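Given next are the chains, with one letter for each unit.
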Amino acid sequence: MMLDKNGVELRTGCVVKITGAYFKNDNGFWFVEKAPGDPSWIGSECCLKKISKTGKVSKAKHNICFWPIGIFVSDRFKAAEARSWNREHAQIEVKTIQNMVEVAAHFEGLAEVVEERIIWEVRHFGENHPEVARLRETKAHYLAVAKAAAGRKEG
């Protein structure tokens, strides 16, 4: 379980704000796309997707981040400096935004992709295959996150 600077759990679908990061592009609003413990994720970090304060999901080239922040530069000295800086200064905080429509739609889209994969797996390996069960769990997870995101409003 990962926590923000206030002790709030980082969960799939949460909107977060990163501040104090070494690279400017890592600062800003994001939503948690995948978190440790999700049925579709084996990572120990959170995978984040860029979002605006108004709830618009970014389509930019560099719209993915991780928490703790991953450093992907070829200069090993700059990478070491960035890692050190982020350990000391970068912070993440769970936030609420008014419009979660695009976030909910994002997770509904992921569920649709998983449904296509379920159909393929059933056709090739049968209804009782373990991968089919895992994919059904993943789809249910995405739909639950979409439903929760659609119901979230600023309080």
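Rules behind the numbers
Residues numbered from 1 in each chain as written. Predicted model: local features only at pLDDT ≥ 70, side-chain atom pairs only at ≥ 80, totals over all residues. Heavy atoms only, no water. Helix = DSSP H or I, 4+ residues; strand = E, 2+ residues; numbered from the N terminus. Phe/Tyr/Trp six-rings, centres within 6.5 Å; stacked < 30°, edge-to-face > 60°. Buried < 20%, exposed > 50% of the residue type's maximum accessible area, 1.4 Å probe, protein only. Lys, Arg positive; Asp, Glu negative; His and termini not counted. Salt bridge = Lys/Arg side-chain N within 4 Å of Asp/Glu carboxyl O. Polar contact = N/O pair within 3.5 Å; in protein donor to acceptor, adjacent residues only side chain to side chain. Contact = heavy atoms within 4.5 Å.

### Considering unusual backbone geometry
For residues besides glycine, phi is generally negative; the peptide bonds are generally trans as well. Backbone torsion omega between W67 and P68 reads 0°, so that peptide bond is classified as cis. Within the element layout of this structure, P68 appears in the loop between β4 (64-67) and α1 (76-89).

### Quick word on the packing of aromatic side chains
On inspection of all chains with the given rule, the structure shows five aromatic pairs. Consider the rings of Y22 and F23, whose centres lie 4.9 Å apart with planes at 85°: the pair is edge-to-face. Residue F23 is classed as partly exposed on the basis of its relative accessible area, which comes to 23%. Here the aromatic rings of F107 and Y142 are separated by 6.2 Å at their centres, their planes lie at 35°, and the arrangement is tilted.

### Here we look at the side chain of D38
Looking at the element boundaries, D38 is found in the loop between β2 (28-34) and β3 (46-50). The side chain of D38 is buried and forms no salt bridge, while K34, the nearest opposite charge, is found at 7.3 Å. Polar contacts involving the side chain of D38 include one to the main-chain amide nitrogen of A35, which spans 2.9 Å. The residues contacting D38, other than those within four sequence positions of it, are T12, E33 and H141.

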